[in-house]
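Below are the chains, spelled out letter by letter.
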Amino acid sequence: MQAWIGDFTAQITGASVLNLINETSAWITGTVMPTLTANVGTVAAIANHANTVAFLQALLPALDEVALAALVNDAVVQAGSATSPPRSPALRGST
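Residues numbered from 1 in each chain as written. Predicted model: local features only at pLDDT ≥ 70, side-chain atom pairs only at ≥ 80, totals over all residues. Heavy atoms only, no water.

So, the layout of surface pockets
Here is step 1: By volume, the largest pocket is sized at about 1,100 Å³.
Here is step 2: Forming the boundary of the largest pocket are 26 residues, of which V17, I21, I28, M33 and L36 lie nearest the centre.
Here is step 3: For the lining of the largest pocket, the leading source of residues is helix α2 (residues 14-37), giving eleven residues.
Here is step 4: A breakdown of the residues in the lining of the largest pocket according to their chemical character gives 20 nonpolar, five polar and one charged. (1 Å grid on protein atoms, 1.4 Å probe; cavity = no way out; pocket = protein on both sides within 12 Å on 5 of 7 lines; lining within 4 Å. Points joined across faces, edges and corners; volume = space filled by probe spheres on them. Helix = DSSP H or I, 4+ residues; strand = E, 2+ residues; numbered from the N terminus. Nonpolar A, V, L, I, M, F, W, Y, C, P; charged D, E, K, R; others polar.)

Structural notes on the nonpolar core
Here is step 1: In terms of nonpolar packing, the biggest core is built from five residues, these being V17, L18, L59, L63 and L68.
Here is step 2: Sequence-distant contacts of L59, that is, excluding residues within four places in its chain, are made with T13, G14 and V17. (Core = buried A, V, L, I, M, F, W, Y, C linked by side-chain atoms within 4.5 Å. Buried < 20%, exposed > 50% of the residue type's maximum accessible area, 1.4 Å probe, protein only. Contact = heavy atoms within 4.5 Å.)

Shown next, in the form of structure tokens:
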């Protein structure tokens, strides 16, 4: 079973992830995120799992830095409040 998962994830590109995020962002923020907020512990356990960490370490260098910085900056602005101004992410090579 692990072999097909490895074969599948090896074919995921940075461009396909960015397209997926762009095409589903309204659904993610409006439907998925409120549900996940109620289950932060479970989400943290998945995010901190060694396989997730390895996947992200392989994926992040393949993503377009400018597009990723814009996505992160937009998310920070949406999450900001009057008491905590938006922060700029520290992404190498972004402008």
